Amino acid sequence: MSLLRLTFLGTSAAQPTLHRGLSGLAVKADADLLLFDCGEGSQRQMVRFGTGFTVDAAFFTHFHADHYLGIIGFLRTLGMMGRTSPMHLYGPAPARRLLHQAVHLGLESTAFPVEIHELKDGDVVRRGGYAVHAVGVDHRIHALGYVLAEDDRPGKFHLEKARALGVPEGPAFGKLQKGEPVTLEDGRVVKPEDVLGEARSGRRLVISGDTRPCPALVHASKDADLLVHESTFSDVSSRHDTDPGKLLTQAREAYKGPVEVAFDGLTVELPLRD
Ligand SMILES: [Zn+2]
């Protein structure tokens, strides 16, 4: 995976404001486009911020209405656009019941397959080049945070070491780069660790969803490249629509690293760890 880019679709809670839509986050992970929550109005934000509609999967943190009602209209739009590929929807209980209702509201059948998966704390959804881990968080109803964890990448290939060991250039180089041993003509075996540097750890993106301060989420966020944390427990949440200054001050008191207050349309690209 090389590209990992977030676009904040909605950054308000409970009700939209003039400048902030309801919860929604689009994540582009190479060819995959994922949604994390899809509040009312998310599809319009996707048009507005140019994320495209080719969503592969949507992960819901929980089923308060402000986090998921947007999926109803969005799936209808995709149907009208002629989508045929399956859509995967993930979320904590009662995902199966509520998403089934949402998907089938006023419809006998959907225009394309929609697969609903109920997740619990510790479940892992494997995808190409990364996995999404579900973390139980502390909210009034079943709620999950998510960790998008990129697979570790092989270490750097040291050309000069391979040459010095007599490895012929060509397919043998490729095998070693992929982590496979190579047998030379004279019978010697060159192992990947002879020519590769240390494995490079993958990026970690953590999304809290709605939660009270929660030890499991703190643990999951260790060594994260980015934590997207809700802030409705702040005493200024209803007034941060146009003035996030107070919120930022509170966040900086709690965390000494770099902090930003997200806004609708904010795009963040996470660079590779090297
Ligand atoms: Zn909630």
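Okay, so let's go over this structure. (Residues numbered from 1 in each chain as written. Predicted model: local features only at pLDDT ≥ 70, side-chain atom pairs only at ≥ 80, totals over all residues. Heavy atoms only, no water.)

**Some thoughts on unusual backbone geometry**
Then step 1. Cis geometry marks the peptide bond from Ala-93 to Pro-94, where omega comes out at 0 degrees.
Then step 2. Looking at where Pro-94 falls in the secondary structure, it is placed in the loop between β5 (87–91) and α4 (95–104).
Then step 3. Even without a glycine there, the phi angle at Asp-30 is positive, about 55 degrees.
Then step 4. Tracing the sequence through the fold places Asp-30 in the loop between β2 (24–29) and β3 (32–38).
Then step 5. The class of Asp-30 is partly exposed, set by a relative accessible area of 31%.
Then step 6. We note that Asp-223 has phi near 70 degrees; this positive angle belongs to a residue other than glycine.
Then step 7. Structurally, Asp-223 is set in the loop between α8 (215–221) and β13 (226–228).
Then step 8. Classification of Asp-223 by relative accessible area gives exposed; the value is 57%. (Helix = DSSP H or I, 4+ residues; strand = E, 2+ residues; numbered from the N terminus. Buried < 20%, exposed > 50% of the residue type's maximum accessible area, 1.4 Å probe, protein only.)

**Side note on the sheet that holds β13**
Then step 1. One open sheet holds the five strands; their spatial order is β7-β8-β9-β12-β13, and the pairing between them is mixed. A strand with exactly one partner marks an edge of an open sheet, and here the two such strands are β7 (124–127) and β13. Here the average twist between neighbouring strands, direction ignored, is 15 degrees.
Then step 2. As paired elements, strand β8 (residues 130–136) and strand β9 (residues 144–150) share seven bridges and run antiparallel to each other. Looking at the pairing, His-133 lines up with Val-147 of β9. (Pairing = 2+ DSSP bridges. Axes fitted to C-alpha atoms, helices over the stretch in contact; angles between N-to-C directions.)

**Structural notes on the pairing of strand β12 (residues 204–207)**
Then step 1. For β9 and β12, the ladder comprises four bridges, and the chain directions are antiparallel. Across the sheet, residue Leu-148 finds its bridge partner in β12, namely Leu-205.
Then step 2. One ladder, built from three bridges, connects β12 with β13; its direction is parallel. Bridge pairing links Leu-205 to Leu-226 in β13.

**Regarding the coordination of the zinc ion**
Then step 1. Taken together, His-62 (NE2), His-64 (ND1), His-139 (NE2) and Asp-210 (OD) make up the full set of protein donors to the zinc ion, lying 2.2 to 2.3 Å away.
Then step 2. One way to put it: the four donor atoms around the zinc ion meet at angles of 90 to 168 degrees, and that makes the site irregular.
Then step 3. For the zinc ion, the donor residues sit on a single chain with the sequence spacing H-x1-H-x74-H-x70-D. Here His-64, found in the loop between β4 (57–59) and α2 (65–68), pairs with His-139, found in the loop between β8 and β9; they are 75 residues apart in sequence, far enough to count as distant. The two residues His-64 and His-139 agree in class, both being buried. (Donors = N, O, S within 2.8 Å, 3.2 Å for Na, K, Ca; no water. Tetrahedral: all angles 85-135°; square planar, octahedral: opposite > 155°, others 65-115°.)

So, to be careful, I would describe these as geometric facts and stop short of saying anything about function.
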